[in-house]
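Notes for the structure review
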Amino acid sequence: MPAQGKHRRPKSISLGRGLAAVTTGGAVLALPVIGATSAFAAPAPAAAPQAAAPAAVVAQVNSAAKAAPAKHSVVAGETLSKIAREHSVSGGWEKLYEGNRKIVGSNPDLIHPGIKLIIVAKSAASSDDKSSKASPSAARGASADRADRSERIDAAPVAKAAPAAEKAAVTYTNDLDGWIKESLAVMAEQGIPGTYEGIHRNIMRESSGNPAAINNWDSNAVKGTPSKGLLQVIDPTFQAYHVPGTSTDSYDPVANITAACNYAADRYGSIDNVFGAY
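Rules behind the numbers
Residues numbered from 1 in each chain as written. Predicted model: local features only at pLDDT ≥ 70, side-chain atom pairs only at ≥ 80, totals over all residues. Heavy atoms only, no water. Helix = DSSP H or I, 4+ residues; strand = E, 2+ residues; numbered from the N terminus. Buried < 20%, exposed > 50% of the residue type's maximum accessible area, 1.4 Å probe, protein only. Contact = heavy atoms within 4.5 Å. Areas by Shrake-Rupley, 256 points an atom, 1.4 Å probe, with all protein chains shown as cover. Salt bridge = Lys/Arg side-chain N within 4 Å of Asp/Glu carboxyl O. pLDDT = per-residue confidence, 0-100. Patch = residues over 30% accessible without salt bridge, like charges linked within 9 Å, V, L, I, M, F, W, Y side chains within 5 Å. Pairing = 2+ DSSP bridges. Core = buried A, V, L, I, M, F, W, Y, C linked by side-chain atoms within 4.5 Å. Arc of directions from axis to C-beta. Axes fitted to C-alpha atoms, helices over the stretch in contact; angles between N-to-C directions. Parallel < 35°, antiparallel > 145°, perpendicular 65-115°, else oblique. Left-handed = near helix turned anticlockwise from the far one by under 90°. Nonpolar A, V, L, I, M, F, W, Y, C, P; charged D, E, K, R; others polar. Phe/Tyr/Trp six-rings, centres within 6.5 Å; stacked < 30°, edge-to-face > 60°.

**Describing the overall build of the chain**
If you tally the helices and strands in the chain, you get 15 helices and 4 strands. By residue count, 24% of the 278 residues in the chain fall in the buried class. Residue pairs in contact within the chain that sit at least 24 positions apart in sequence constitute 50% of those at least 6 positions apart. For the chain, the accessible surface area stands at approximately 18300 Å², while carbon and sulfur atoms represent 60% of it.

Shown next as structure tokens:
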């Protein structure tokens, strides 16, 4: 037993000797041992880059696969909402339906088993979302553009003020037609009723269209208040029904017509209702 124990102790030394013996025995035997040892140690650092390369390739492939549209075959019991959730479709079932409207049909609640839906990957959707977001400077530019458009739009009514000026500059002919039309414009502003035909008809009966006509023979003339002007208005009536903004001269055609029409509206409802002496 002691002899066996003594033989076992120097195993490590024996290995050393074996190595030495091999080395001493010749370079031919020594080189394979050294080569084997080197080959065993070298793979450790070399393995890292080799392992990293496939990982990067796989990541790229996965990324490309996610970015590319995929197809989903509908099975019984599925809905667009469920499919959109399972595939994390950005925009939900509405976006999924929008991209498959031709396949699904007009009713998004009715999808038939077996149809194949095109699923847009979330990464692609996120990319689209990011690209659609404007930078702060672009947003400021857009806001400025909107503000500029708003200013231009707000400024538009100012340009439209021209017709009002043209309306104020309307002129009327200095004849019976012009006097009646100008009177109608004044009456419209004052809310006095009357039409061109009603005024013209009564003027022709009362004065034949002569603005300087005066009646010196009727009962009013006897009382010292003769009827005057186109519609033969006596002074007390003219003063009582004078329309603001018109001449205070009862012979003035527009002042005479508007006062007479104001009086007729008070007594008869409108000059149009007068067909005789009034």
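**What to know about the pattern of salt bridges**
Inspection of the entire model under this criterion finds 4 salt bridges. The salt bridge involving Asp235 is made with Lys228; its shortest N-O contact spans 3.2 Å.

**Concerning the confidence of the model for the chain**
When the pLDDT values of the chain are averaged, the result is 74; 58% of them are 70 or greater. Considering only residues more than four positions removed or in separate chains, one finds that residues 123–135, a stretch of pLDDT under 50, has 6 contacts.

**What to know about a nonpolar patch on the surface**
Nonpolar side chains collect at one region of the surface, where Ile103, Ile118 and Val120 lie side by side and expose about 220 Å² of accessible area between them. On the secondary structure map, Ile103 appears in helix 7 (residues 101–104). A relative accessible area of 37% means that Ile103 is categorised as partly exposed.

**Description of the pairing of strand 2 (residues 116–119)**
As a general feature of sheets, a regular strand has side chains that alternate between the two faces. Of the two faces of strand 2, only one is covered, namely that formed by Leu117 and Ile119; the face formed by Lys116 and Ile118 stays uncovered. Sheet topology note: the strand 1 (residues 70–73)/strand 2 ladder contains 4 bridges and is antiparallel. The partner of Lys71 across the bridge, within strand 2, is Ile118.

**Section: unusual backbone geometry**
The phi dihedral of Ser88 falls on the positive side, at around 50°, and the residue is not glycine. You can see Ser88 is positioned in the loop between helix 5 (80–86) and helix 6 (92–99). With relative accessibility at 36%, the residue Ser88 sits in the partly exposed group. Despite not being glycine, Ser208 shows a phi value in the positive range, around 60°. By the secondary structure assignment, Ser208 is in the loop between helix 12 (196–206) and strand 3 (214–215).

**Digging into the nonpolar core**
Judged by nonpolar contacts, the single largest core of 22 residues is most densely connected at Ile199, Ile203, Ile257 and Cys261. Tallying contributions element by element places helix 15 (residues 253–268) first for this core, with 7 residues. When neighbours within four sequence positions are excluded, Ile199 is seen to be in contact with Ile180, Leu184, Met187, Leu231, Ile257, Cys261, Ile271 and Asp272. The next biggest cluster of nonpolar side chains, apart from the first, holds 12 residues, and it includes Leu96, Ile111, Ile115 and Leu117.

**Observations concerning the environment of Gly209**
Along the chain, Gly209 turns up in the loop between helix 12 and strand 3. Discounting chain neighbours no more than four positions away, the residues touching Gly209 are Leu176, Trp179, Ile203, Met204 and Leu230.

**Some thoughts on helix 12**
Those residues of helix 12 that sit buried are Gly198, Ile199, Asn202 and Ile203. Around the axis of helix 12, the buried residues are gathered within 125° of arc, so they sit on the same side. Where helix 12 is buried, its residues touch helix 11 (176–190) and helix 15.

**Remarks on the side chain of Thr246**
The topology assignment puts Thr246 in the loop between helix 14 (235–241) and helix 15. Taking the relative accessible area as the measure of exposure, Thr246 reaches 14% and is therefore buried. When neighbours within four sequence positions are excluded, Thr246 is seen to be in contact with Val186, Val254, Ala255 and Thr258.

**With respect to the packing of helix 11 against helix 15**
Between two packed helices, what matters for the description is the angle formed by their axes and the separation of those axes. As a packed pair, helix 11 and helix 15 sit with axes 9 Å apart at the nearest point and diverge in direction by 50°. Accordingly, the angle class assigned to the pair helix 11 and helix 15 is oblique. The two elements helix 11 and helix 15 meet at a crossing, and its hand is right-handed. Across from Trp179, Ile180, Glu182, Ser183, Val186 and Met187 in helix 11, the residues of helix 15 making contact are Pro253, Val254, Ile257, Thr258 and Cys261. For the contact of helix 11 with helix 15, the class distribution of residues is 8 nonpolar, 2 polar and 1 charged.

**Some details on the packing of aromatic side chains**
Tallied over the entire structure, the rule returns 2 aromatic pairs. For the pair Tyr241 and Tyr263, a centre-to-centre distance of 5.3 Å together with 75° between the ring planes defines the contact as edge-to-face. Of this pair, Tyr241 sits in helix 14 while Tyr263 sits in helix 15, and the two are 22 residues apart along the sequence. Look at Tyr263 and you get buried, because its relative accessible area is 13%. Consider the rings of Tyr263 and Tyr278, whose centres lie 6.0 Å apart with planes at 40°: the pair is tilted. Of this pair, Tyr263 sits in helix 15 while Tyr278 sits in the segment after helix 15; the two residues are 15 residues apart in sequence, bridging distant segments of the chain. Exposure remark for Tyr278: the relative accessible area of 22% places this residue in the partly exposed category. Taken together, the ring pairs connect Tyr241, Tyr263 and Tyr278 into an aromatic cluster.

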